[in-house]
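Results of the structural survey
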Amino acid sequence: MNITLLTIGKTRTAYIKSGIEEYLGRLRRYVPYEIVELPDVRNAGKLPFEEQKEAEGKLLLQQLAASDHVMLLDERGKEYTSKQFASRLEGILASGKKRLVMAVGGPYGFSKAVYDRADELLSLSKMTFNHEMVRLFITEQVYRAMTILRGEPYHHE
């Protein structure tokens, strides 16, 4: 199974880009993982937030195949411990689906159409993080999950 992280906009902060690159390099041993950065919506600052969500939603939905398992990173999603997340990933990986798509929306979240397409919602925390940090955190958690599943010593309890 391939894992794709879909994001709106580019990661611009140097230390976050560096952290993501570190975990992308580590993940290559375990699973194909890519980050697809979709362009920011043009004139987003001038659009009402609902219109911005709709435009971003169209971009996201264009990237999805009918066979994808879609997991939205969303504040209303289910929270897991790292071990529980590893177990959840193991179940998805064993499902026979070809691709897991995890999506990080824009600043106002996802459109209704994207929520309707989602298979599940995942929350990293009850706290709010900026979207660039979420990219780093979820990439690290996927790496952590892979090491947990292989019984490797990265994760400590």
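The structure under discussion appears in the preceding block.
Here we summarise the structure given alongside this text. (Residues numbered from 1 in each chain as written. Predicted model: local features only at pLDDT ≥ 70, side-chain atom pairs only at ≥ 80, totals over all residues. Heavy atoms only, no water.)

1. A few points about the sheet that holds strand E5 (residues 120-122)
Read across the open sheet, the five strands follow the order E2-E1-E4-E3-E5; overall the sheet is parallel. A single partner strand is all that each edge strand has here, and the edge strands are strand E2 (33-38) and E5. The average angle at which neighbouring strand axes cross in this sheet is 30°, direction not considered. Bridging between strand E3 (residues 69-78) and E5 involves four bridges; their strand directions are parallel. The residue bridging Leu72 from the neighbouring strand is Leu121, located in E5. Together, E3, strand E4 (99-104) and E5 form the strand contacts of helix H3 (residues 82-93), whose direction differs from that of E3 by roughly 155°. (Pairing = 2+ DSSP bridges. Helix = DSSP H or I, 4+ residues; strand = E, 2+ residues; numbered from the N terminus. Axes fitted to C-alpha atoms, helices over the stretch in contact; angles between N-to-C directions. Contact = heavy atoms within 4.5 Å.)

2. Digging into the pairing of E3
The buried count for E3 comes to seven of ten residues, which makes it a mostly enclosed element. In terms of strand pairing, E3 meets E4 through five bridges, oriented parallel. Bridge pairing in E4 places Leu73 opposite Val104. Handedness of the crossover joining E3 and E4 through H3: right-handed. (Buried < 20%, exposed > 50% of the residue type's maximum accessible area, 1.4 Å probe, protein only. Right-handed = clockwise from strand over helix to strand, strands pointing away.)

3. Some points on the environment of Ala66
Among the secondary structure elements, Ala66 is positioned in the loop between helix H2 (49-62) and E3. As a C-alpha pair, Ala66 and Arg117 span 51 residues in sequence and 9.2 Å in three-dimensional space.

4. Points about H2
For H2, with 14 residues, the first-to-last C-alpha span of 20 Å sits near the 20 Å given by 1.5 Å per residue. Along H2, the positions that sit buried rather than exposed are Gln52, Lys53, Glu56, Gly57 and Leu60. Looking down the long axis of H2, one finds its buried residues gathered within 135° of arc, a one-sided arrangement. Exposed residues on H2 whose side chains face more than 90 degrees from its buried face are Lys58 and Gln62. (Expected span 1.5 Å × (residues − 1). Arc of directions from axis to C-beta.)

5. Topic: the nonpolar core
Across soluble globular proteins, nonpolar side chains show a tendency to be buried alongside one another. Counting 28 residues, the largest nonpolar core has Tyr33, Phe85, Met102, Ile138 and Val142 as the members making the most contacts within it. The element best represented in this core is helix H5 (residues 131-149), accounting for eight residues. In this view, Met102 contacts Ile3, Thr4, Leu5, Leu6, Tyr33, Met71, Leu73, Ile138 and Val142; residues no more than four positions away in its chain are not counted. Counting residues in hydrophobic clusters, the runner-up holds 13 residues, among them Leu60, Leu64, Val70 and Val101. (Core = buried A, V, L, I, M, F, W, Y, C linked by side-chain atoms within 4.5 Å.)

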